Amino acid sequence: MAGLAPGTYNGQVTVTALNVNPPSVTIPVSLAVQAVPQPQLTLGQNHFAYGLTQGSAAVQAQLLVSNPGGGVLSFTTAVTGCSCVSVSTASGQASAGAPAAVGFTVNPAGLPPSTYNSQIVISASDGETVTVPVTTAVNSLSQSIVLTQTGCCLERWPRAGRRRPSRSALSM
């Protein structure tokens, strides 16, 4: 009911028919109009953390912006802190059942090994502002595990007729 203020509206409906007694019946009707809930900013995640190797490829990710309230929630985005984080979605809108994705990139190119802190700032049209921390740890070397072993032997169970287990060499 567009244009009606929240509240309860009362009225009546009269049904009239031919060749019946009584010729009309009046039915009371009540209509309750509720206020539309205000938009509400909700985020899918409240922190991001990345461990990247110096010179590695950029990582792309998304932050989901939802509105479990009513109406349409418009918002803008910004990044503060390290320039290694950038957003590809400058603004958007979210409504109930239709969240918006904010794309962002974390790029360690040209950064020396260290830990960098950035923030994705979401500013909603209702004045609410939410900050999502993004922590990026840049490591100097590729990490790998190297296993070495020398002088290793495997013992097999004795075959029928043998008294001692046999030994076999294993190399990796």
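For the structure, see preceding data.
Residues numbered from 1 in each chain as written. Predicted model: local features only at pLDDT ≥ 70, side-chain atom pairs only at ≥ 80, totals over all residues. Heavy atoms only, no water.

## Details of the overall build of the protein
To keep it simple, the criterion reads: Working definition: helices are DSSP H or I runs of at least four residues, strands are E runs of at least two. Numbering for both runs from the N terminus. Only protein chains enter the accessibility calculation, which uses a 1.4 Å probe; a residue is then buried when its area is under 20% of its type maximum, exposed when over 50%, and partly exposed in between. Each accessible area is a Shrake-Rupley estimate made with a 1.4 Å probe; only the visible protein chains count as cover when residues are assessed.
A tally of helices and strands in the protein yields 0 helices and 13 strands. The N-to-C order of helical and strand elements in the protein reads β-β-β-β-β-β-β-β-β-β-β-β-β. Taking all 172 residues of the protein together, the buried fraction comes to 23%. As presented, the protein carries roughly 11900 Å² of accessible surface, and 53% of it is formed by carbon and sulfur atoms.

## Section: the sheet that holds strand S11 (residues 129-139)
Short version of the rule: Pairing between two strands is assigned when DSSP locates at least 2 bridges connecting them. Between N-to-C directions, angles span 0 to 180 degrees; the directions come from axes that are lines fitted to C-alpha atoms, helices contributing only their stretch in contact.
Read from one edge to the other, the open sheet built from 5 strands follows the order S4-S11-S10-S6-S8, with strand pairing classed as mixed. Of all strands in the sheet, those with a lone pairing partner are strand S4 (48-53) and strand S8 (91-95), marking the two edges. Between one strand axis and the next, the sheet turns through 25° on average, direction left out of account. As paired strands, strand S6 (residues 72-81) and strand S10 (residues 114-124) are joined by 7 bridges and run antiparallel to one another.

## Re unusual backbone geometry
A cis amide bond links Asn 21 with the next residue in sequence, Pro 22, at an omega value of 0°. Structurally, Pro 22 is set in the loop between strand S1 (7-16) and strand S2 (24-33). A positive phi angle is found at Asn 19, which is not glycine, with a value near 60°. Tracing the chain through its elements places Asn 19 in the loop between S1 and S2.

## Some details on the pairing of strand S9 (residues 100-106)
The buried fraction of S9 amounts to 6 of the 7 residues, a majority that puts the element mostly inside the structure. Examined bridge by bridge, strand S7 (residues 85-87) and S9 share 3 bridges and lie antiparallel to one another. When the bridges of S9 are listed, Val 87 appears paired with Phe 104.

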